[in-house]
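Below are the chains, spelled out letter by letter.
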Protein chains: 2
Amino acid sequence: MINSITHFLSQSAKGMKRSAIREILKLLQRPGMISFAGGLPASETFPVEDLKKIAVEVLEKESHIALQYGTTEGDPLLRKMIAERHKRQGINVGIENIVITTGSQQALDLIARIFIDHGDYVLCGLPSYLGGINAFLSYGAKLKGIPLDDNGMIPEELEKVVVNLKDLGRKLKLIYIIPDFQNPAGITLTESRRIKIIEIARKYDLLIVEDSPYREIRFEGEQQQLTFGLDNSGRVITLCTFSKIFAPGFRVGWVLAQPIILEKIVLAKQTADLCTSAFVQRVLARYLEKGLLEINLPKTIALYRERRNLMLECFERFMPKDVKWTKPEGGLFLFVTLPEKINASSLLTKAIENNVAFVEGSSFFCNNQGHNTMRINFSFSSREEIENGVERLAKVISDEMNNVR
Amino acid sequence: MINSITHFLSQSAKGMKRSAIREILKLLQRPGMISFAGGLPASETFPVEDLKKIAVEVLEKESHIALQYGTTEGDPLLRKMIAERHKRQGINVGIENIVITTGSQQALDLIARIFIDHGDYVLCGLPSYLGGINAFLSYGAKLKGIPLDDNGMIPEELEKVVVNLKDLGRKLKLIYIIPDFQNPAGITLTESRRIKIIEIARKYDLLIVEDSPYREIRFEGEQQQLTFGLDNSGRVITLCTFSKIFAPGFRVGWVLAQPIILEKIVLAKQTADLCTSAFVQRVLARYLEKGLLEINLPKTIALYRERRNLMLECFERFMPKDVKWTKPEGGLFLFVTLPEKINASSLLTKAIENNVAFVEGSSFFCNNQGHNTMRINFSFSSREEIENGVERLAKVISDEMNNVR
């Protein structure tokens, strides 16, 4: 029996790392565990009764479409519903600007596939979404991190890095941004900075990948326009998903971009999985057509607002002095900064022993920073779990702070 | 506005070609068109009533699982049901040998991703499934075609090519086979040849990718064991799918392999799409658990047998002398060989003008052969469509034969 496959592996496979988040998700199974680790939406927000009706209707009336192969671009009805929704939100796009993907993660993968050759540079925030980083890395990209402040990625720092890399003769292609309630940092990029980043992309001939899963989960303050909507150069490729505003179990996302870009994404998707499930696409299309997303989404936002508020209260109540955290206006996460001397990785081991979990912030830094940071999810846990979980976590942190003193 | 993205594209994207099949699928939309082109299952075989009940049950009782993110490996209940089904068919595997993919196409893509570096060789049948060929090509593989006869891939020819490539210092990794009712040729690999090909893989240290979507769609003759079941060296990676035995609209396939191989496939899948839709997986798991596949599958097979018989009758009745075709014992396709002087590509244009479509056989040859061959699907069309479609097609072929005389 074969006992090693190392000599068969591609260079890319040799470099593959397990995703810290996906690994930690498994811990959710253990009884008694309170996990702030995953980015899981609350099950209570899933529109179960609506879906029961729609699933039956779709099977009754259009099973010949819903159970058959679909086109690679995606269900035309779903694409139409999405385009119309963007229009209502002030972005003038049509079905030709929309391609459906098997979750946003597939879109990240397809974008990396069509643009990245080994050694090409991608510029991304410090920190940035792990799944994005891993998609780019798996195609051999080199990542260069750009610092963020409270207003998001700093354009001047971005330009400095671009100029520097160009001077060194490096091949730059993409700027990767997560502008709204950034995963993991919870920060939102201001409109004036979005415009500056678009200008930099034009000036230095780069594309912008805008990863936008959380924009509509806003608790307060004014909704930002998609970066896509601020651009008229065709350089912004925007990734959206139903995972956070509807349910992740359908695995449906979409790419919003110019047709000349989507054409290549479609070609890549043909090889990747032919098409996304026609069944879940058609159910979702009918759900949108009935206007149910607009009815259900405010309830989801209200629940998450309540959980964020409680989470912030508990942090105030339990956390030792010298621990700092963000107060996000939306999204699913707090980002926590511990004293410099604390290593979140060894803290995680102790936290898990005490039945509370988070994700180490360092996983989100492409430059090995962030050893003293953690990402905390507040969407998934109940009131009781948030209170007990933060208390447990604060205890573990206090103990660790006392130990390494 | 940006009007070219060529300078941003990766090498792989520059080489991407539209899939002939996916493009032709779009023609299905035109009214009056009779298409023998796609590999579409018959809508009549979709278990609509069963699914209506199960979808509602799953949403009622386990929406917190079905609408949430799942593990990358796949729904444990579905993996268990699949492993048990393999056991009932005489293959002793457990859940650790099964990973769920977003259709078989994703499995082909993930396998190419983890094993293929630019310039690595993959050996495949002449002809072979286009989606497999394209997956390997998109990662920079070089393909070397091995001739088939009525018993499938010829092991002696395979060994000759292996030795020759090794002598030339080439890096060989995979043998790609479609052993049962091969797409497109409809040929089945005999058991003794499967064993010989396994021996060649052991002797020259290669892996075998067994693509097996059609094995259970058998109209007559004896069911072959999976190549996986004949191997005890751990070198066979088998791809199966629910697309042909259940419905393609769910996009659920699975890989059957040793855990050390699946581990890398799971890592690649994390980046590709995180996980396959938990909803369709759970519905499918309950469908299997209730034994409904075993009840419905014989009806599907009976329908396809009837359609194959009718298709063969119509070919006998309408086709001009000098046209040859296979009589497959199962699967979804006839493979047709026209006289040498006929080019199936120009024939296709004329066929489409006459509202009948097929796929050019040359798309399935990695070495530019097969210009005078076509793949004809018999699973999707009604009795009337088969009769009219073959008559139309025969007329187009006759005209062409007269023209180029």
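Residues numbered from 1 in each chain as written. Chains lettered and ligands numbered in written order. Predicted model: local features only at pLDDT ≥ 70, side-chain atom pairs only at ≥ 80, totals over all residues.

### Examining the overall build of chain A
Looking only at helices and strands, chain A has 14 helices and 14 strands in total. Compactness check: chain A gives a C-alpha radius of gyration of 21 Å against a globular reference of 22 Å for 405 residues, within 12% of the reference. With respect to the three principal axes, the spread of C-alpha positions in chain A is 65 × 60 × 55 Å. Here chain A, with 405 residues, has 56% of them falling under the buried criterion. Across chain A, every contact between residues at least 6 apart in sequence was considered, and the portion connecting residues at least 24 apart equals 74%. (Helix = DSSP H or I, 4+ residues; strand = E, 2+ residues; numbered from the N terminus. Rg over C-alpha atoms; globule rule 2.2 N^0.38 Å. Buried ≥ 20, exposed ≤ 12 C-beta atoms within 10 Å, placed from the backbone. Contact = placed C-beta atoms within 7 Å.)

### Some remarks on the sheet that holds strand β5 (residues 152–153) of chain A
Adjacent strands of a sheet pair through backbone hydrogen bonds, lying either parallel or antiparallel. Residues and elements named next belong to chain A. The strand order across the open sheet formed by eight strands is β2-β9-β8-β7-β6-β3-β4-β5, and the pairing between neighbours is mixed. At either margin of the open sheet sits one strand with a lone partner, and together these are β2 (98–101) and β5. Here strand β8 (residues 236–241) runs beside strand β9 (residues 253–256); their pairing, made up of four bridges, is antiparallel. The residue bridging T241 from the neighbouring strand is G253, located in β9. Its contacts with the sheet put helix α10 (residues 259–273) on β2, β8 and β9, and the angle it makes with β2 is roughly 25 degrees. (Pairing = 2+ DSSP bridges. Axes fitted to C-alpha atoms, helices over the stretch in contact; angles between N-to-C directions.)

### Section: the interface of chain A and chain B
The interface of chain A with chain B comprises 73 residues on the first partner and 73 residues on the second. Looking at the side of chain A that touches chain B, the elements with two or more residues in it are α1 (11–14), α2 (20–25), α3 (48–66), α5 (103–115), α6 (130–138), α10 and α11 (278–289) of chain A. The element that contributes the greatest number of residues to the side of chain A that touches chain B is α3 of chain A, accounting for 10 residues. Residues of the side of chain A that touches chain B, tallied by class, amount to 35 nonpolar, 25 polar and 13 charged. (Nonpolar A, V, L, I, M, F, W, Y, C, P; charged D, E, K, R; others polar.)

### Details of the pairing of strand β3 (residues 121–126) of chain B
Residue and element names in this part refer to chain B. Judged by how many residues are buried, β3 sits mostly within the fold: five of six residues are covered. Sheet analysis places β3 next to strand β4 (residues 142–149), joined by six bridges and oriented parallel. Bridge pairing in β4 links L126 to P147. Note that β3 and strand β6 (residues 172–177) share four bridges and pair parallel. Each bridged residue has a counterpart across the sheet, and for C124 the counterpart in β6 is Y176.

### Some details on the relation of the copies chain A and chain B
Once chain A has been moved 0.0 Å along the axis and rotated by 180 degrees, it coincides with chain B to within an RMSD of 0.0 Å. Such a combination of rotation and displacement between the chain copies is what one expects of a two-fold axis. Rotation axis and chain A: the residue whose C-alpha lies nearest the axis is A55 of chain A, separated from it by 3.5 Å. (Least-squares fit on C-alpha atoms with pLDDT ≥ 70 in both.)

### Notes on the packing of helix α3 (residues 48–66) of chain B against helix α11 (residues 278–289) of chain B
The packing of two helices is summarised by the inter-axis angle and the distance between the axes. Residue and element names in this part refer to chain B. Across the interface, α3 lies against α11 with an axial gap of 9 Å and an inter-helix angle of 120 degrees. As summarised for this structure, α3 and α11 are arranged oblique, according to the angle between their axes. Considering only the axes of α3 and α11, their crossing is right-handed. Of the residues in α11, those touching α3 at D50, L51, I54, A55, E57, V58, E62, I65 and A66 are A278, F279, R282, V283, R286 and Y287. (Parallel < 35°, antiparallel > 145°, perpendicular 65-115°, else oblique. Left-handed = near helix turned anticlockwise from the far one by under 90°.)

### With respect to unusual backbone geometry
A cis geometry characterises the amide bond from L126 of chain A onward to P127 of chain A, with omega recorded as 5 degrees. Within the element layout of this structure, P127 of chain A appears in the loop between β3 (121–126) and α6. One non-glycine residue, D205 of chain A, lies in positive phi territory at about 55 degrees. Counting through the fold element by element, D205 of chain A comes out in the loop between α8 (191–203) and β7 (207–211). The phi dihedral of N355 of chain B falls on the positive side, at around 60 degrees, and the residue is not glycine. Relative to the helices and strands, N355 of chain B resides in the loop between α13 (344–353) and β12 (356–357).

### Considerations on the domain arrangement of chain A
Residues and elements named next belong to chain A. Domain annotation for chain A reports domain 1 (9–47 + 295–403) and domain 2 (62–292). The interface is formed by 35 residues belonging to domain 1 together with 33 residues belonging to domain 2. Listed by contribution, the elements that provide at least two residues to the side of domain 1 that touches domain 2 are α2, α12 (292–318) and β11 (333–337). If you tally residues by element for the side of domain 1 that touches domain 2, the top one is α12, at eight residues. When the residues that make up the side of domain 1 that touches domain 2 are grouped by side-chain class, the tally is 18 nonpolar, 13 polar and four charged. (Domains from an automatic or database assignment.)

### Regarding the environment of A13 of chain B
Checked against the element boundaries, A13 of chain B lands in helix α1 (residues 11–14). A13 of chain B gets classed as buried once you count the C-beta atoms within 10 Å, which come to 21. Taking the C-alpha atoms as reference points, A13 of chain B and I208 of chain B, 195 residues apart in sequence, are found 27 Å from one another. Aside from chain neighbours lying at most four places away, what touches A13 of chain B is R113, I114, K264 and A268 of chain A.

### Some details on the sheet that holds strand β14 (residues 373–377) of chain A
Residue and element names in this part refer to chain A. If you trace the four strands from one edge of the open sheet to the other, you get β10-β11-β14-β13, paired in antiparallel fashion. The outermost strands of the open sheet, each flanked by one partner alone, are β10 (324–325) and β13 (359–360). As paired elements, β11 and β14 share five bridges and run antiparallel to each other. The residue of β14 that forms the bridge with T337 is T373.

### Some details on α6 of chain A
Side chains that are three or four residues apart share a direction in an α-helix, a result of its 3.6 residues per turn. Where burial is concerned, most of α6 of chain A is hidden: nine out of the nine residues are buried. Once α6 of chain A ends, the next one or two residues include G140 of chain A, with phi positive near 90 degrees.

### Remarks on the confidence of the model for chain A
Caution is warranted with low-pLDDT regions, since their predicted coordinates should not be read in detail. Across chain A, the average pLDDT comes to 95, with 97% of residues at 70 or higher. Model confidence for the complex is summarised by a pTM of 0.96, with the ipTM given as 0.96. (pLDDT = per-residue confidence, 0-100.)

### Examining the environment of R30 of chain B
Looking at the element boundaries, R30 of chain B is found in the loop between α2 (20–25) and β1 (34–35). Each C-alpha atom of the pair R30 of chain B and N355 of chain B lies 8.6 Å from the other, and the pair is 325 residues apart in sequence.

### Concerning the environment of I197 of chain A
Residue and element names in this part refer to chain A. Take I197: it is sitting in helix α8. A C-alpha to C-alpha distance of 33 Å links I197 and D75, two positions 122 residues apart in sequence. Setting aside residues up to four positions removed in sequence, I197 forms contacts with M153, P155, L158, I175, I177 and I208.

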